[in-house]
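# Summary of structural features
Single-letter residue listing:
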Amino acid sequence: MSTPRTTAAAPALGHSLKHLAIHLITPLLMCLGMALAYQGAFHQPEPNHLKVAVVGTTPQAQGLADAVRAKAGPALDVSTLPSRDAAEQQLRERELVGAFLPDARSPELIVAKGGSDTSAMAAEAVFQNVTDKQGVPLHVTNLTALSKGDPTGQGLFFLLVALSIGSYASVAVIGAAGAALGMRIRALVGLAVSLVVSVIGIVTAGPVFHVVDHHQAAVWALGWLYSAGIIAVGIGLHTFLKRWTTLAMMVLFVMLNFTTSGGIYRPDLQNGFFGGLHSFWTGAGFMEGARSILYFDGGAGLGRHVLTLVLWLLLGGAVMAGAALHENRGRAALRRKGAVEAGEETAEESAEEEMEEAVAV
């Protein structure tokens, strides 16, 4: 015998479907955001003001530079340098991607693959066209020795991914399971978690896979600073965004972070939007700082990249301070509301007692 449908069944089903649809908004927005960000950043890498130079003071060298510049347009920033030493210095300072030394029999291209293997390959493709027309092979010289566990120079990007996921995933746990804790305690927990995340990152990237085979302490410190900044921002945002925090963290530290870090393509192979974010986004601060430490002896703008990470950590501290103030105001409002309700209850009890006494009289 079938159970008769109650009048509440249809409203209950509609309520459940509405509740489900609302919760599906977050993963669907993540899907849309990831598709737009990754395909927008990586689908068609093309040179965009790629900095290269032709070495030489002869009219032929200047003419070659002018010809390459005219043909490439805004894809290349072509300059001339007087000597090989000047070219190598600019490559080590990361002011150039490639320097071409023209020669009728043995032309040479100097690159620094530690700065970006994909950018170096793009520069090689440019001057390969030149030497192909001359009918001679192009000799490529790399000034930077990559780690034995990272022959493409992209292993640091995967370290960045691990640090990022460990950091922003921890925010959800701290925000939910630690909601009853004060902001100061949550901040200390976040600092401790960032330490653990950075240790996991450097141990796997160092002794395990040899992506970071020297200057491990410096790269670890950079990773701790990076992780602490992400967690600080997330803890502060959770107070305001609640269940939307995960989506916000995905936007800030995955969609916009991985695509602008320079780990796959640097700004000279991306459009202006992602290239612009690269100049101040936290992932780029870690990637370029780690590259400067490992492959450029701590030069090539390391101080600027460290400053980027420090500013993101300070931003996280400011967001947490604002969140603490907001929470304190909320607690004060609840206390006032409780006091008012208690006063009303006391007044009602007094009135009842007075009525009882009057009746007794």
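Look a little higher up for the structure.
Residues numbered from 1 in each chain as written. Predicted model: local features only at pLDDT ≥ 70, side-chain atom pairs only at ≥ 80, totals over all residues. Heavy atoms only, no water.

## Concerning empty space enclosed by the protein
Scanning all chains against the criterion turns up one cavity of 30 Å³ or more. Approximately 30 Å³ is the volume attributed to the largest cavity. Around the largest cavity, the lining residues are Leu159, Leu163, Ser198, Gly201, Ile202, Val219, Trp220, Gly223 and Phe286. For the lining of the largest cavity, the elements supplying multiple residues, two or more each, are helix H5 (155-177), helix H6 (183-208) and helix H7 (216-241). Grouping the constituent residues of the lining of the largest cavity by class yields six nonpolar, three polar and no charged. (1 Å grid on protein atoms, 1.4 Å probe; cavity = no way out; pocket = protein on both sides within 12 Å on 5 of 7 lines; lining within 4 Å. Points joined across faces, edges and corners; volume = space filled by probe spheres on them. Helix = DSSP H or I, 4+ residues; strand = E, 2+ residues; numbered from the N terminus. Nonpolar A, V, L, I, M, F, W, Y, C, P; charged D, E, K, R; others polar.)

## Notes on the packing of H5 against H7
How two helices sit against one another is set out by the angle between their axes and by the gap between those axes. It is the contact of H5 with H7, at a shortest axis distance of 9 Å, that shows an interaxial angle of 35°. For the pair H5 and H7, the sense of crossing is right-handed. Seen from H5, the contacting residues are Leu159, Leu160, Leu163, Ser164, Ser167, Tyr168, Val171, Ile174, Gly175 and Ala176; seen from H7, they are Val219, Gly223, Tyr226, Ser227, Ile230, Ile231, Gly234, Ile235 and His238. Per-class residue counts for the contact of H5 with H7 are twelve nonpolar, seven polar and no charged. (Axes fitted to C-alpha atoms, helices over the stretch in contact; angles between N-to-C directions. Left-handed = near helix turned anticlockwise from the far one by under 90°. Contact = heavy atoms within 4.5 Å.)

## What to know about the pattern of salt bridges
Counted under the stated rule, the structure contains nine salt bridges. Between Glu108 and Arg84 there is a salt bridge, with its nearest N and O atoms 2.7 Å apart. Taken together, the residues Glu108 in strand E4 (residues 108-111) and Arg84 in helix H3 (residues 84-92) connect sequence positions 24 residues apart. Residue Glu108 is classed as buried on the basis of its relative accessible area, which comes to 13%. (Salt bridge = Lys/Arg side-chain N within 4 Å of Asp/Glu carboxyl O. Buried < 20%, exposed > 50% of the residue type's maximum accessible area, 1.4 Å probe, protein only.)

## Focus: the packing of H5 against H6
The interhelical angle for the contact between H5 and H6, taken along N-to-C directions, is 155°, at an axis separation of 10 Å. Considered as vectors, H5 and H6 are oriented roughly antiparallel to each other. The hand of the H5/H6 crossing is right-handed. For the pair H5 and H6, contact is made by Leu159, Leu163, Gly166, Ser167, Ser170 and Ile174 and by Arg186, Val189, Gly190, Val193, Val197, Ser198, Gly201 and Ala205, respectively. In the contact of H5 with H6, the residues fall into seven nonpolar, six polar and one charged. (Parallel < 35°, antiparallel > 145°, perpendicular 65-115°, else oblique.)

## Comments concerning the layout of surface pockets
The volume enclosed by the largest pocket comes to roughly 600 Å³. For the lining of the largest pocket, the secondary-structure elements that each account for two or more residues are strand E1 (50-55), helix H4 (117-134), helix H9 (272-278), helix H10 (282-295) and helix H11 (302-360). Reported here for the second largest pocket is a volume of approximately 320 Å³. For the second largest pocket, the lining is made up of 14 residues, of which Val68, Lys71, Val126, Asn129 and Val130 are closest to its centre. If one sorts the elements of the lining of the second largest pocket by residue count, H4 sits on top with six residues. In terms of residue class, the lining of the second largest pocket is built from eleven nonpolar, one polar and two charged.

## Structural notes on the environment of Gly114
Take Gly114: it is sitting in the loop between E4 and H4. Taking C-alpha positions, Gly114 is 8.4 Å from Leu143, a pair spaced 29 residues apart along the chain. When sequence neighbours within four positions are dropped, the list of residues in contact with Gly114 reads Thr144, Leu146, Arg291, Tyr295 and Phe296.

## Description of the pairing of strand E2 (residues 76-81)
As paired elements, E1 and E2 share six bridges and run parallel to each other. The residue of E2 that forms the bridge with Ala53 is Ser79. In this fold, E1 hands off to helix H2 (residues 59-72), which returns the chain to E2; that crossover is right-handed. (Pairing = 2+ DSSP bridges. Right-handed = clockwise from strand over helix to strand, strands pointing away.)

## Description of the sheet that holds E1
Reading across the sheet, the five strands line up as E2-E1-E3-E4-E5 and stay open at both edges, with mixed pairing between neighbours. Strand pairing shows two members of the sheet lacking a second neighbour, E2 and strand E5 (139-142), which therefore form its edges. Across the sheet, the axes of successive neighbouring strands diverge by a mean angle of 25°, strand direction being ignored. Sheet topology note: the E4/E5 ladder contains four bridges and is parallel. Opposite Ile110, over in E5, you have Thr141 as the bridge partner. Here H2 sits on the sheet and contacts E1, E2 and strand E3 (98-101); the angle it forms with E2, its principal contact strand, is near 175°. Sitting on the sheet, H4 is in contact with E1, E2, E3, E4 and E5, with an inclination near 45° to E1.

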